[in-house]
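Take a look at the letters that make up each chain.
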Amino acid sequence: MENLQRIIQETVPGKQITLLHLISSPDPNVNDRIGVDKGSLGILTLTPTESSIIAADIAAKAASIDIAFVDRFNGAVLINGDVEGVFTALLEVQRYFKEILGFNVCEVTKS
């Protein structure tokens, strides 16, 4: 019998942003692998997962960035643009979700 592993994935109920991260100067191979031409990346993870749609809309309205990916089933959002635009978008998502929607939010981190 094969040595199989079972992976159980669960979502914790609640209103939270668990990741707001800016990659200011990604390695070009990273951009190639995810299908983004160039520029900085912003990565967000949220629960409930459908709130990723709201986050993407707020980010797009807050700065001149591109929405590279939205996964409403896993709560992931990937944004792309210049460093200032991505950072501004992440801060606005953080502010809106905390002040208006009452979410628990993490700090914006950078690498």
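For the structure itself, consult the block above.
For clarity, every value in this text was computed on a predicted model and none was experimentally measured. (Residues numbered from 1 in each chain as written. Predicted model: local features only at pLDDT ≥ 70, side-chain atom pairs only at ≥ 80, totals over all residues. Heavy atoms only, no water.)

Chemist: Which parts of the structure should I look at to understand the pairing of strand E2 (residues 40-47)?
Modeler: It is a general feature of regular strands that their side chains alternate between the two faces of the sheet. Within E2, 6 of the 8 residues are buried, leaving the element largely enclosed by the surrounding structure. The sheet contact formed by strand E1 (residues 16-23) and E2 spans 7 bridges and is antiparallel. Bridge assignment links Leu-22 to a residue of E2, and that residue is Gly-42. As judged from the 6 bridges shared by E2 and strand E4 (residues 76-81), these two strands associate in the antiparallel manner. Residue Gly-42 lies in a different strand from E4, and its bridge partner there is Ile-79. (Buried < 20%, exposed > 50% of the residue type's maximum accessible area, 1.4 Å probe, protein only. Helix = DSSP H or I, 4+ residues; strand = E, 2+ residues; numbered from the N terminus. Pairing = 2+ DSSP bridges.)

Chemist: Which parts of the structure should I look at to understand the packing of aromatic side chains?
Modeler: The geometry of two aromatic rings is summed up by the distance between their centres and the angle between their planes. Counted by the stated rule, this structure contains 2 aromatic pairs. Measuring from ring centre to ring centre gives 6.4 Å for Tyr-96 and Phe-97, while their planes differ by 70°; the resulting arrangement is edge-to-face. Judged by relative accessible area, Phe-97 falls into the buried class, the value being 0%. Both rings, one in Phe-97 and one in Phe-103, keep their centres 4.8 Å apart while their planes meet at 90°; by these two values the pair is edge-to-face. For Phe-103, a relative accessible area of 9% gives the class buried. Here the aromatic residues Tyr-96, Phe-97 and Phe-103 are joined through ring pairs into a cluster of three or more. (Phe/Tyr/Trp six-rings, centres within 6.5 Å; stacked < 30°, edge-to-face > 60°.)

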